[in-house]
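Observations on chain architecture
Take a look at the letters that make up each chain.
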Amino acid sequence: MNDSTLRKMKNEAKAVTAQYTLPRFYRDCSSELNFCSRSFFDHPDLLRLQGDVIPFLYDDASYGVYHAKKSAIEAGAIILHEAPENDIAHHRHLAYLAQFSGLLHGTCRLEQEHGEKGAEVALMVLKEYEISDEDRDLVAFAIRDHRPFEPRLPAPNKDAEIIANALYDAVNFRWGLDLYSTTLWEFSDYNELEFDEALALFAKSGEIIKKLDDTFRSSTGKLYGPEFLEIGTKLVTEIPAHLNEKKRDILSL
């Protein structure tokens with residue numbers, strides 16, 4: 001479709017998603033999200049990594065900077081939300097590593113075995129950073145283990161499990177408002193889909209959402225994740241119905 005049609009479809013979809021209140025996760029975990037957002041934009045290593053991963057990301061195929069940023073910040077926030085009061089400093093470090101994994105998890109998204117290959121890229125990139133080999137391995141494990149519908153990998157230790165669970169849940173939070181306001185339209189643009197082809201993606205995404213239910217791993221993910229999927233399930237039918245009503249105006253030049 002031409003750029004004008006795509007833009008109209010995206011704007012109409014955003015008008016539908018704007019009617020929804022943000023999931024409760026953003027209210028209940030606001031302090032943790034604010035902390036991780038500040039570190040994402042202030043910490044020199046995270047700032048450096050943002051620049052280093054851009055060549056590996058797929059902005060035009062919906063697995064780019066926006067997806068990585070949201071996954072990174074929210075993975076860190078999940079860890080901080082579950083941090084025991086007597087171990088805050090250690091969990092802040094784990095949240096920092098989770099943000100590394102969030103930034104790096106999609107670097108090989110369009111390849112087969114993208115989790116394993118993404119972990120290899122992560123280890124390569126992080127060789128240039130002054131972090132321990134153990135920390136590099138924690139980031140790589142989370143990336144290997146973040147794919148849905150595949151057997152879990154055995155975590156080498158509790159820290160690896162914490163980071164991997166947080167990354168998995170944060171990535172799957174994207175199947176709510178983000179998918180239908182941003183991601184799906186970037187994918188449509190990348191694949192040069194026509195109007196009806198773009199609408200067909202909604203049914204396909206709805207099937208994936210059904211399979212994701214009950215797969216959240218962290219306590220925070222299990223508590224808040226279903227609301228993201230519930231919103232996504234509603235948008236699967238609401239947005240196509242709205243776009244079909246507006247089809248004549250959308251397709252007009």
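Preceding this section is the structure that the text describes.
Residues numbered from 1 in each chain as written. Predicted model: local features only at pLDDT ≥ 70, side-chain atom pairs only at ≥ 80, totals over all residues. Heavy atoms only, no water.

Interhelical geometry of helix 10 (residues 177-190) versus helix 12 (residues 219-245) gives an angle of 55° and a closest axis separation of 8 Å. What the angle tells us is that helix 10 and helix 12 run oblique. Contacts between helix 10 and helix 12 pair L177, Y180 and W185 from the former with I231, G232, L235, V236, I239 and L243 from the latter. Of the residues belonging to the contact of helix 10 with helix 12, the class tally is eight nonpolar, one polar and no charged. (Axes fitted to C-alpha atoms, helices over the stretch in contact; angles between N-to-C directions. Helix = DSSP H or I, 4+ residues; strand = E, 2+ residues; numbered from the N terminus. Parallel < 35°, antiparallel > 145°, perpendicular 65-115°, else oblique. Contact = heavy atoms within 4.5 Å. Nonpolar A, V, L, I, M, F, W, Y, C, P; charged D, E, K, R; others polar.)

Further remarks concern the environment of A203. Here A203 lies in helix 11 (residues 195-212). Through-space distance from the C-alpha of A203 to that of A18 is 21 Å; in sequence the pair is 185 residues apart.

A cluster of like negative charges, contributed by D3, D189, E192, E194 and E197, occupies part of the molecular surface. Along the chain, E192 turns up in the loop between helix 10 and helix 11. (Patch = residues over 30% accessible without salt bridge, like charges linked within 9 Å, V, L, I, M, F, W, Y side chains within 5 Å. Areas by Shrake-Rupley, 256 points an atom, 1.4 Å probe, with all protein chains shown as cover. Salt bridge = Lys/Arg side-chain N within 4 Å of Asp/Glu carboxyl O. Lys, Arg positive; Asp, Glu negative; His and termini not counted. Charge placed at Lys NZ, Arg CZ, Asp CG, Glu CD.)

When its volume is computed, the second largest pocket comes out at roughly 170 Å³. Lining the second largest pocket are I78, I79, E82, P84, H91, K158, E161, I162, N165, A166 and S218. Breaking the lining of the second largest pocket down by element, the ones donating at least two residues are helix 5 (65-81) and helix 9 (158-172). At five residues, the largest contribution of residues to the lining of the second largest pocket is made by helix 9. (1 Å grid on protein atoms, 1.4 Å probe; cavity = no way out; pocket = protein on both sides within 12 Å on 5 of 7 lines; lining within 4 Å. Points joined across faces, edges and corners; volume = space filled by probe spheres on them.)

Following the sequence through the fold, I54 ends up in the loop between helix 4 (44-53) and helix 5. Considering only alpha carbons, one finds I54 and A200, 146 residues apart in sequence, at a separation of 30 Å.

It is worth spelling out the side chain of K70 at this point. You can see K70 is positioned in helix 5. What makes K70 buried here is its relative accessible area of 19%. Beyond its immediate sequence surroundings of up to four residues, K70 is in contact with Y26, R174 and D178. (Buried < 20%, exposed > 50% of the residue type's maximum accessible area, 1.4 Å probe, protein only.)

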